[in-house]
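Single-letter residue listing:
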Amino acid sequence: MTSGGAGPRLDELRARIAEIEGGERLRREVLPFGLGAIDERLPGGGLTLGSLHEIAGGAQGVTDGAAAALFAAGIMARAEGKILWCMTKADLFAPAIAQAGLDPDRVIYVEAQDEISLLACFEEGLRHGGLGGVVAEVSRLSMSVSRRLLLAAETSGSIGIALRRWRRREDAADFGQPTAAATRWRITAVPSEPLPVKGVARPRWFVELIRCRAGESADFLVESCDATGRLALPADLADRSAASQAWPARAAS
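From a predicted model like this one, the values you see are computed outputs, not experimental measurements.

**Details of the packing of helix α6 (residues 115–128) against helix α7 (residues 143–156)**
Here is step 1 of the chain: Following both chains from N to C, one finds α6 and α7 inclined at 25°, their axes separated by 7 Å at the closest point. One element, α6, and the other, α7, form an angle in the roughly parallel class. Contacts between α6 and α7 involve L119, F122, E123, L126 and R127 from the first element and V145, R148, L149, A152, A153 and S156 from the second.
Here is step 2 of the chain: When the residues that make up the contact of α6 with α7 are grouped by side-chain class, the tally is seven nonpolar, one polar and three charged.

Printed below as a string of C-alpha coordinates:
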(Lines give C-alpha, C1' and ligand atoms only; values in the text may rest on other atoms or scores of the structure.)
Protein backbone atom coordinates (compact mmCIF):
# COMPACT_ATOMS: atom_id res chain seq x y z
CA MET A 1 0.00 0.00 0.00
CA THR A 2 1.20 3.54 -0.71
CA SER A 3 0.70 6.54 1.53
CA GLY A 4 -1.77 9.30 0.70
CA GLY A 5 0.99 11.66 -0.40
CA ALA A 6 2.62 9.18 -2.77
CA GLY A 7 0.35 10.06 -5.70
CA PRO A 8 1.50 13.68 -6.19
CA ARG A 9 5.13 12.71 -5.69
CA LEU A 10 4.81 9.91 -8.25
CA ASP A 11 3.20 12.27 -10.78
CA GLU A 12 6.02 14.75 -10.26
CA LEU A 13 8.62 12.03 -10.76
CA ARG A 14 6.92 10.86 -13.96
CA ALA A 15 6.89 14.42 -15.29
CA ARG A 16 10.59 14.85 -14.53
CA ILE A 17 11.48 11.56 -16.24
CA ALA A 18 9.41 12.50 -19.30
CA GLU A 19 11.10 15.89 -19.44
CA ILE A 20 14.52 14.25 -19.36
CA GLU A 21 13.52 11.84 -22.14
CA GLY A 22 12.29 14.74 -24.25
CA GLY A 23 10.27 17.83 -23.54
CA GLU A 24 8.32 17.43 -26.74
CA ARG A 25 6.93 14.07 -25.61
CA LEU A 26 5.71 15.69 -22.40
CA ARG A 27 3.38 17.92 -24.43
CA ARG A 28 2.01 15.23 -26.72
CA GLU A 29 -1.68 14.44 -26.66
CA VAL A 30 -2.91 11.16 -25.24
CA LEU A 31 -5.73 8.75 -26.02
CA PRO A 32 -7.43 7.81 -22.72
CA PHE A 33 -9.00 4.40 -22.20
CA GLY A 34 -11.80 6.09 -20.29
CA LEU A 35 -11.19 3.67 -17.43
CA GLY A 36 -9.61 5.35 -14.43
CA ALA A 37 -7.90 2.20 -13.15
CA ILE A 38 -5.80 2.10 -16.34
CA ASP A 39 -5.52 5.79 -17.24
CA GLU A 40 -4.14 6.74 -13.83
CA ARG A 41 -1.21 4.36 -14.43
CA LEU A 42 -0.29 6.01 -17.75
CA PRO A 43 1.72 9.26 -17.91
CA GLY A 44 -0.65 11.97 -19.12
CA GLY A 45 -3.69 9.79 -18.46
CA GLY A 46 -3.70 7.70 -21.63
CA LEU A 47 -1.75 6.22 -24.50
CA THR A 48 0.59 8.75 -26.07
CA LEU A 49 -0.38 9.75 -29.60
CA GLY A 50 2.49 10.12 -32.03
CA SER A 51 4.16 7.14 -30.42
CA LEU A 52 4.68 3.38 -30.74
CA HIS A 53 2.98 0.79 -28.54
CA GLU A 54 3.27 -3.01 -28.41
CA ILE A 55 0.49 -5.53 -27.80
CA ALA A 56 0.76 -9.32 -27.61
CA GLY A 57 -1.45 -12.22 -26.58
CA GLY A 58 -0.70 -14.47 -23.64
CA ALA A 59 0.26 -18.13 -23.74
CA GLN A 60 -3.03 -19.58 -24.99
CA GLY A 61 -2.23 -19.31 -28.68
CA VAL A 62 -5.07 -18.31 -31.00
CA THR A 63 -7.45 -17.38 -28.18
CA ASP A 64 -5.13 -14.82 -26.65
CA GLY A 65 -3.97 -13.65 -30.08
CA ALA A 66 -7.57 -12.79 -30.91
CA ALA A 67 -7.95 -10.96 -27.58
CA ALA A 68 -4.83 -8.91 -28.33
CA ALA A 69 -6.18 -7.99 -31.78
CA LEU A 70 -9.50 -6.88 -30.29
CA PHE A 71 -7.68 -4.86 -27.62
CA ALA A 72 -5.81 -3.08 -30.43
CA ALA A 73 -9.04 -2.60 -32.38
CA GLY A 74 -10.67 -1.00 -29.34
CA ILE A 75 -7.83 1.49 -29.09
CA MET A 76 -8.07 2.39 -32.77
CA ALA A 77 -11.86 2.67 -32.49
CA ARG A 78 -11.30 5.65 -30.18
CA ALA A 79 -8.71 7.29 -32.44
CA GLU A 80 -9.83 9.75 -35.12
CA GLY A 81 -9.40 9.16 -38.84
CA LYS A 82 -8.68 6.21 -41.07
CA ILE A 83 -6.79 3.22 -39.68
CA LEU A 84 -4.16 1.32 -41.65
CA TRP A 85 -3.95 -2.37 -40.68
CA CYS A 86 -0.92 -4.23 -42.08
CA MET A 87 -0.62 -8.02 -42.10
CA THR A 88 1.06 -10.88 -43.93
CA LYS A 89 -1.98 -13.16 -43.69
CA ALA A 90 -5.46 -11.86 -44.53
CA ASP A 91 -7.36 -13.44 -41.65
CA LEU A 92 -8.60 -10.37 -39.79
CA PHE A 93 -12.32 -10.91 -39.06
CA ALA A 94 -14.11 -7.63 -39.79
CA PRO A 95 -17.29 -8.40 -37.75
CA ALA A 96 -15.12 -9.05 -34.69
CA ILE A 97 -13.32 -5.70 -34.83
CA ALA A 98 -16.69 -4.05 -35.44
CA GLN A 99 -17.92 -5.52 -32.14
CA ALA A 100 -14.83 -3.96 -30.51
CA GLY A 101 -15.94 -0.56 -31.85
CA LEU A 102 -13.77 -0.29 -34.96
CA ASP A 103 -15.93 0.28 -38.04
CA PRO A 104 -14.45 -1.90 -40.83
CA ASP A 105 -15.18 0.93 -43.28
CA ARG A 106 -12.59 3.04 -41.46
CA VAL A 107 -9.90 0.41 -41.97
CA ILE A 108 -7.49 0.24 -44.91
CA TYR A 109 -6.19 -3.32 -45.15
CA VAL A 110 -2.69 -4.00 -46.46
CA GLU A 111 -1.49 -7.56 -47.07
CA ALA A 112 2.29 -7.59 -47.32
CA GLN A 113 4.26 -10.35 -48.98
CA ASP A 114 6.67 -10.82 -46.08
CA GLU A 115 7.78 -9.30 -42.78
CA ILE A 116 10.25 -6.91 -44.42
CA SER A 117 7.54 -5.49 -46.67
CA LEU A 118 5.14 -5.30 -43.74
CA LEU A 119 7.56 -3.24 -41.65
CA ALA A 120 8.12 -0.93 -44.61
CA CYS A 121 4.35 -0.40 -44.92
CA PHE A 122 4.15 0.17 -41.16
CA GLU A 123 6.79 2.89 -41.29
CA GLU A 124 5.37 4.59 -44.38
CA GLY A 125 1.88 4.53 -42.88
CA LEU A 126 3.13 6.22 -39.73
CA ARG A 127 5.01 8.86 -41.73
CA HIS A 128 1.99 9.60 -43.94
CA GLY A 129 0.37 11.99 -41.49
CA GLY A 130 -3.15 11.54 -42.80
CA LEU A 131 -4.03 8.47 -40.76
CA GLY A 132 -5.47 8.21 -37.29
CA GLY A 133 -3.34 5.18 -36.52
CA VAL A 134 -1.47 2.19 -37.91
CA VAL A 135 -1.56 -1.42 -36.72
CA ALA A 136 0.98 -3.94 -37.99
CA GLU A 137 0.96 -7.65 -37.15
CA VAL A 138 4.66 -8.30 -36.64
CA SER A 139 6.51 -11.34 -35.32
CA ARG A 140 9.87 -9.67 -34.69
CA LEU A 141 10.70 -6.11 -33.70
CA SER A 142 14.30 -5.06 -33.17
CA MET A 143 15.42 -1.98 -31.30
CA SER A 144 16.69 -0.29 -34.47
CA VAL A 145 13.45 -0.92 -36.37
CA SER A 146 11.30 0.18 -33.45
CA ARG A 147 13.27 3.43 -33.20
CA ARG A 148 12.55 4.21 -36.84
CA LEU A 149 8.87 3.45 -36.28
CA LEU A 150 8.80 5.65 -33.18
CA LEU A 151 10.43 8.52 -35.06
CA ALA A 152 7.90 8.16 -37.88
CA ALA A 153 5.02 8.24 -35.39
CA GLU A 154 6.44 11.27 -33.59
CA THR A 155 6.82 13.10 -36.90
CA SER A 156 3.21 12.56 -38.01
CA GLY A 157 1.40 12.38 -34.69
CA SER A 158 -0.26 9.06 -35.59
CA ILE A 159 -0.44 6.29 -33.03
CA GLY A 160 1.33 3.07 -34.00
CA ILE A 161 0.59 -0.39 -32.61
CA ALA A 162 2.92 -3.31 -33.16
CA LEU A 163 0.57 -6.25 -32.73
CA ARG A 164 2.96 -9.10 -31.99
CA ARG A 165 1.87 -12.27 -33.72
CA TRP A 166 3.85 -15.49 -34.01
CA ARG A 167 3.50 -18.38 -36.42
CA ARG A 168 5.81 -20.53 -34.31
CA ARG A 169 5.82 -20.81 -30.53
CA GLU A 170 9.60 -20.37 -30.32
CA ASP A 171 9.34 -16.96 -31.99
CA ALA A 172 7.39 -15.65 -28.98
CA ALA A 173 10.64 -15.30 -27.04
CA ASP A 174 11.40 -12.21 -29.14
CA PHE A 175 8.68 -10.33 -27.22
CA GLY A 176 11.00 -10.13 -24.23
CA GLN A 177 13.66 -8.21 -26.14
CA PRO A 178 13.87 -4.43 -25.56
CA THR A 179 12.26 -2.05 -28.06
CA ALA A 180 11.60 1.68 -28.28
CA ALA A 181 7.85 1.26 -27.70
CA ALA A 182 6.34 3.61 -25.11
CA THR A 183 4.14 0.86 -23.66
CA ARG A 184 4.07 -2.92 -23.89
CA TRP A 185 0.90 -4.90 -23.17
CA ARG A 186 0.01 -8.59 -22.87
CA ILE A 187 -3.62 -9.72 -23.12
CA THR A 188 -4.90 -13.05 -21.81
CA ALA A 189 -8.48 -14.30 -22.09
CA VAL A 190 -9.94 -15.47 -18.76
CA PRO A 191 -13.31 -17.08 -17.89
CA SER A 192 -16.35 -14.80 -18.00
CA GLU A 193 -18.74 -14.33 -15.12
CA PRO A 194 -21.40 -17.10 -15.17
CA LEU A 195 -24.87 -15.86 -16.14
CA PRO A 196 -28.03 -16.78 -14.22
CA VAL A 197 -29.61 -17.73 -17.57
CA LYS A 198 -28.32 -19.44 -20.70
CA GLY A 199 -26.06 -17.23 -22.77
CA VAL A 200 -22.54 -15.90 -23.13
CA ALA A 201 -21.37 -13.12 -20.84
CA ARG A 202 -19.08 -10.29 -21.92
CA PRO A 203 -15.55 -11.70 -22.32
CA ARG A 204 -12.96 -10.91 -19.69
CA TRP A 205 -9.28 -10.20 -20.21
CA PHE A 206 -6.29 -10.16 -17.92
CA VAL A 207 -4.42 -7.08 -19.16
CA GLU A 208 -0.76 -6.69 -18.23
CA LEU A 209 1.00 -3.39 -18.70
CA ILE A 210 4.47 -4.90 -18.85
CA ARG A 211 6.38 -1.73 -19.70
CA CYS A 212 5.47 1.94 -19.52
CA ARG A 213 7.97 4.69 -20.22
CA ALA A 214 7.98 7.15 -17.29
CA GLY A 215 5.44 4.93 -15.54
CA GLU A 216 5.00 1.64 -13.72
CA SER A 217 3.94 -1.87 -14.65
CA ALA A 218 0.44 -2.95 -13.63
CA ASP A 219 -2.18 -5.71 -13.99
CA PHE A 220 -5.90 -5.30 -14.65
CA LEU A 221 -8.87 -7.63 -14.86
CA VAL A 222 -11.34 -6.06 -17.30
CA GLU A 223 -14.31 -6.80 -19.48
CA SER A 224 -13.53 -6.69 -23.20
CA CYS A 225 -14.14 -3.75 -25.53
CA ASP A 226 -17.75 -2.79 -26.14
CA ALA A 227 -19.22 -1.32 -29.33
CA THR A 228 -17.50 2.00 -28.61
CA GLY A 229 -14.07 0.45 -28.05
CA ARG A 230 -14.18 0.92 -24.28
CA LEU A 231 -13.19 -1.51 -21.56
CA ALA A 232 -15.03 -1.91 -18.27
CA LEU A 233 -14.30 -3.20 -14.80
CA PRO A 234 -16.29 -6.34 -13.91
CA ALA A 235 -19.19 -5.37 -11.67
CA ASP A 236 -18.07 -7.74 -8.91
CA LEU A 237 -14.58 -6.18 -8.89
CA ALA A 238 -15.33 -2.52 -9.55
CA ASP A 239 -14.80 -1.52 -5.91
CA ARG A 240 -11.53 -3.40 -5.46
CA SER A 241 -8.00 -2.09 -5.92
CA ALA A 242 -6.00 -2.85 -9.07
CA ALA A 243 -3.84 -5.28 -7.10
CA SER A 244 -6.79 -7.29 -5.82
CA GLN A 245 -8.30 -7.42 -9.33
CA ALA A 246 -5.21 -9.10 -10.69
CA TRP A 247 -5.24 -11.99 -8.22
CA PRO A 248 -8.21 -13.97 -9.57
CA ALA A 249 -6.92 -13.52 -13.12
CA ARG A 250 -3.59 -15.05 -12.19
CA ALA A 251 -5.38 -17.98 -10.62
CA ALA A 252 -7.46 -18.51 -13.76
CA SER A 253 -4.57 -18.25 -16.22
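**Side note on α6**
Here is step 1 of the chain: The end-to-end C-alpha distance of α6 is 20 Å, a good match for the 20 Å that 14 residues give at a rise of 1.5 Å each.
Here is step 2 of the chain: Those residues of α6 that fall on the buried side of the exposure criterion are L118, L119, F122, E123, G125 and L126. Buried residues of α6, viewed axially, fall in a sector of 160°; they line one side. Among the exposed residues of α6, those oriented more than 90 degrees off its buried face are I116, E124 and H128.
Here is step 3 of the chain: The secondary structure elements touched by the buried residues of α6 are β3 (52–57), β4 (83–87), β6 (133–138), α7 and β7 (159–164).
Here is step 4 of the chain: N-capping of α6 is provided by D114, with a side-chain oxygen placed 3.3 Å from the backbone N of I116.
Here is step 5 of the chain: Of the residues flanking the end of α6, it is G129, one or two places downstream, whose phi is positive at about 90°.

**Observations concerning α7**
Three- or four-residue spacings in an α-helix give side chains the same orientation, since the helix completes a turn every 3.6 residues.
Here is step 1 of the chain: Between its first and last C-alpha, α7 extends 20 Å over 14 residues, near the 20 Å set by a 1.5 Å rise per residue.
Here is step 2 of the chain: Burial in α7 covers these residues: V145, S146, L149, L150, A152, A153 and E154.
Here is step 3 of the chain: Trailing α7 by a residue or two, G157 shows a phi angle of about 90°, which is positive.

**Notes on the packing of aromatic side chains**
Here is step 1 of the chain: Under the criterion given, the structure shown has four aromatic pairs.
Here is step 2 of the chain: Both rings, one in F33 and one in W185, keep their centres 5.5 Å apart while their planes meet at 55°; by these two values the pair is tilted. Of this pair, F33 sits in the loop between β1 (30–31) and α3 (36–39) while W185 sits in strand β8 (residues 183–190), and the two are 152 residues apart along the sequence. Residues F33 and W185 agree in their burial class; the two are buried.
Here is step 3 of the chain: Relative to W185, the ring of F71 lies with its centre 5.5 Å away and its plane at 50°, an arrangement referred to as tilted. Linking F71 in helix α4 (residues 62–77) with W185 in strand β8, this pair joins segments that are 114 residues apart in sequence. W185 shares its class with F71; the two are buried.
Here is step 4 of the chain: Here a set of aromatic residues connected by ring pairs shows up, and it is made of F33, F71, W185 and W205.
Here is step 5 of the chain: The ring of F175 has R184 sitting right over it, with the charged end atom 4.9 Å from the ring centre.

**Observations concerning the pairing of β8**
Here is step 1 of the chain: Of all eight residues in β8, six are buried, a share of seventy percent or more.
Here is step 2 of the chain: Relative to β8, β3 runs parallel, the two being bridged by five bridges. Residue H53 lies in a different strand from β8, and its bridge partner there is T183.
Here is step 3 of the chain: Both β8 and strand β9 (residues 204–212) contribute to a ladder of eight bridges, which runs antiparallel. Paired with V190 across the strands is R204, a residue of β9.

**So, the pattern of salt bridges**
Here is step 1 of the chain: Under the criterion given, the structure shown has eight salt bridges.
Here is step 2 of the chain: E54 is the partner of R164 in a salt bridge, and the nearest nitrogen-oxygen pair spans 2.6 Å. Pair noted here: R164 is in strand β7 and E54 is in strand β3, with a separation of 110 residues, a long-range link. Each member of the pair, R164 as well as E54, is classed as buried.
Here is step 3 of the chain: We note a salt bridge from E54 to R184, for which the minimum N-O separation is 3.1 Å. Residue E54 is found in strand β3, and its partner R184 is found in strand β8; the two are separated by 130 residues along the sequence. Both residues of the pair, E54 and R184, count as buried.
Here is step 4 of the chain: Several salt bridges share partner residues, and in doing so they unite E54, R164 and R184 into one network.

Definitions and cut-offs
Residues numbered from 1 in each chain as written. Predicted model: local features only at pLDDT ≥ 70, side-chain atom pairs only at ≥ 80, totals over all residues. Heavy atoms only, no water. Axes fitted to C-alpha atoms, helices over the stretch in contact; angles between N-to-C directions. Helix = DSSP H or I, 4+ residues; strand = E, 2+ residues; numbered from the N terminus. Parallel < 35°, antiparallel > 145°, perpendicular 65-115°, else oblique. Contact = heavy atoms within 4.5 Å. Nonpolar A, V, L, I, M, F, W, Y, C, P; charged D, E, K, R; others polar. Expected span 1.5 Å × (residues − 1). Buried < 20%, exposed > 50% of the residue type's maximum accessible area, 1.4 Å probe, protein only. Arc of directions from axis to C-beta. Polar contact = N/O pair within 3.5 Å; in protein donor to acceptor, adjacent residues only side chain to side chain. Phe/Tyr/Trp six-rings, centres within 6.5 Å; stacked < 30°, edge-to-face > 60°. Lys NZ or Arg CZ within 6 Å of the ring centre and 35° of its normal. Pairing = 2+ DSSP bridges. Salt bridge = Lys/Arg side-chain N within 4 Å of Asp/Glu carboxyl O.

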